[in-house]
Amino acid sequence: MAFFSRKEKTPLGIYVHVPFCRSKCQYCDFYSVTDKTDRLLEDYMDAVCDHIRETGDLCPDYKVDTIYFGGGTPSFFGADGMAAILTAIRRNFDVSGSAEITFEANPDSISPRLLRKLRGEGFNRVSLGVQCDNDAILERIGRPHNYEQAVNAVQKIRRAGFKNLSLDLIYGLPGQTLESWEKTLSHVLELKPEHISCYGLKVEEGTPLYLCKDYCNLPDDDAQADMYLSTVDILRAKGYRQYEISNFCKRGHESKHNLKYWTGGEYLGFGPDASSDFAGKRFKVIRDLRGYIDGIQNKGQVLEDIQTVPNRERAGEYLMMRLRTSLGVNAAEYEKKFLLPFTPLEKALEQCRERGHALRTDGGWRLTAEGFLLSNTIISDLLLIQENSKPLAKRR
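Values in this document were obtained by computation on a predicted structure and should not be read as measured data. (Residues numbered from 1 in each chain as written. Predicted model: local features only at pLDDT ≥ 70, side-chain atom pairs only at ≥ 80, totals over all residues. Heavy atoms only, no water.)

Asker: Would you take a moment to explain the overall build of the protein chain for this structure?
Answerer: Within the protein chain, the secondary structure is distributed over 16 helices and 15 strands. Oriented by its inertia axes, the alpha-carbon framework of the protein chain measures out at about 65 × 60 × 45 Å. Out of the 396 residues belonging to the protein chain, those deemed buried represent 52%. Across the protein chain, contacts joining residues at least 24 apart in sequence account for 70% of those joining residues at least 6 apart. Surface exposure of the protein chain reaches about 19500 Å², of which carbon and sulfur atoms provide 48%. Once the 54 positive and 55 negative side-chain charges of the protein chain are each reduced to a mean point, those two points are 6 Å apart. (Helix = DSSP H or I, 4+ residues; strand = E, 2+ residues; numbered from the N terminus. Buried < 20%, exposed > 50% of the residue type's maximum accessible area, 1.4 Å probe, protein only. Contact = heavy atoms within 4.5 Å. Areas by Shrake-Rupley, 256 points an atom, 1.4 Å probe, with all protein chains shown as cover. Lys, Arg positive; Asp, Glu negative; His and termini not counted. Charge placed at Lys NZ, Arg CZ, Asp CG, Glu CD.)

Asker: For this particular structure, what's the right way to read helix 7 (residues 178-189)?
Answerer: Every α-helix carries 3.6 residues per turn, so stepping three or four residues along brings you back to the same face. In this model helix 7 runs 17 Å from its N-terminal to its C-terminal C-alpha over 12 residues, within 8% of the 16 Å that 1.5 Å per residue would give. Buried residues of helix 7: Trp181, Thr184, Leu185, Val188 and Leu189, and no others. All buried residues of helix 7 project into a common sector of 130° when viewed along the axis, lining one side. Looking at the packing, one finds that the buried side of helix 7 touches strand 4 (125-131), helix 6 (147-159), strand 5 (165-171), strand 6 (195-200) and helix 9 (221-237). (Expected span 1.5 Å × (residues − 1). Arc of directions from axis to C-beta.)

Asker: Mind showing me how you'd approach the packing of helix 12 (residues 311-322) against helix 16 (residues 375-387) here?
Answerer: Helix-helix packing is characterised by the crossing angle of the two axes and by the distance between the axes. With their axes 10 Å apart at the nearest point, helix 12 and helix 16 run at an angle of 155° to one another. Taken together, helix 12 and helix 16 sit at an angle that is classed as roughly antiparallel. Our pair here, helix 12 against helix 16, has a crossing hand that is right-handed. Touching Arg312, Ala315, Gly316, Leu319 and Met320 of helix 12 are Ile379, Leu382, Leu383, Gln386 and Glu387, all from helix 16. Its residues assigned to classes, the contact of helix 12 with helix 16 comprises six nonpolar, two polar and two charged. (Axes fitted to C-alpha atoms, helices over the stretch in contact; angles between N-to-C directions. Parallel < 35°, antiparallel > 145°, perpendicular 65-115°, else oblique. Left-handed = near helix turned anticlockwise from the far one by under 90°. Nonpolar A, V, L, I, M, F, W, Y, C, P; charged D, E, K, R; others polar.)

Asker: Help me understand the layout of surface pockets in this model?
Answerer: Empty space left among the atoms is revealed by rolling a probe the size of a water molecule over them. One number sums up the size of the second largest pocket: a volume of about 230 Å³. As for the second largest pocket, its lining consists of 16 residues, and the residues nearest its centre are His51, Thr55, Leu58, Phe283 and Leu303. Looking at the lining of the second largest pocket, the elements that each hand over two or more residues are helix 1 (38-56), strand 9 (267-270), strand 10 (275-278) and helix 11 (289-297). Broken down by class, the residue content of the lining of the second largest pocket amounts to eight nonpolar, six polar and two charged. (1 Å grid on protein atoms, 1.4 Å probe; cavity = no way out; pocket = protein on both sides within 12 Å on 5 of 7 lines; lining within 4 Å. Points joined across faces, edges and corners; volume = space filled by probe spheres on them.)

Asker: Would you mind showing me how to read the sheet that holds strand 13 (residues 329-330) here?
Answerer: Each strand in a sheet pairs with its neighbour through backbone hydrogen bonds, running either in the same direction (parallel) or in the opposite one (antiparallel). Ordered in space as 13-15-14, the three strands form an open sheet in which the pairing is antiparallel. Of all strands in the sheet, those with a lone pairing partner are strand 13 and strand 14 (358-361), marking the two edges. Direction of pairing for strand 14 relative to strand 15 (residues 364-367): antiparallel, over a ladder of four bridges. The residue bridging Leu359 from the neighbouring strand is Arg366, located in strand 15. (Pairing = 2+ DSSP bridges.)

Here it is in structure tokens:
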């Protein structure tokens, strides 16, 4: 009698871009709009749900294990809309009963009703945009909340029963010093989040902050580096493990969704400006809310930049993304997956080790905290070596 095991489904992440904000922050270059008419919200929700329904039929061999609502400000969009979109995902995809389901929120748009509704619908993780504890700086960068609201929001999140909370912070803000940043960390640690993301401010062209970058008292690169290294030391001492350049967590509370991006997992994006990496192809949704709604309603084209990624480019992405994490790169995995030699890369990583920028792991390499600071340079050097390497002979 023959026994056949059912093929295990491929893990899949789903990202929903919610492009609505109360106001635009001075530093933000993510796609969002401040128009929030009832008709526009309804049309957006209908478009996303239709897009999900059309796509679900393409994914019978996938099991969704992470869902992430980002923005924009999903909490500003509202609980009813997010619940409806999540229901559409469940009806059209095979969603794991243990899936990590996250929504981003700003402190000013958190309410007990929103939290009760989303908790009841199955959301189990909150990513709260705090940024810093200094009200003057928050106002200066256009944040719509103060720190007291952030503290109150955390209390509401806990009362609603959420046990997986991530707080987003930014260092290198206008007028910020090492001392004031360390004070921010001290205050945030009192809130006892399971996860903390600490991003160095990048002044992007096209944002309001870019126009005044030369006279708004921004910390320089050396000051940002000092803030970063201090962050690593302070959070490590408090039991937070650095598992990616900007991300720290208590044991077992890594962002499973974001790990897909960093480890080459597959994911589908819905909503304007959302990106996907699915079935060997990479593509994104147009960066235009009205165009997205019209395209879905009229069966038009809403995807762009559709491309099949060559093997060597995938190998480069492996280096770029994995070296952002504490997992690092694995020599045997690299050679098996991409049929490229790891030895030339290992020689360069050995030089990094001698400078204190890399460490050997079981079967591979990872960067140190100091190496993370120089990751752009290190990875650029490795990509150049990779580009000039000859493929390995295919194994029979």
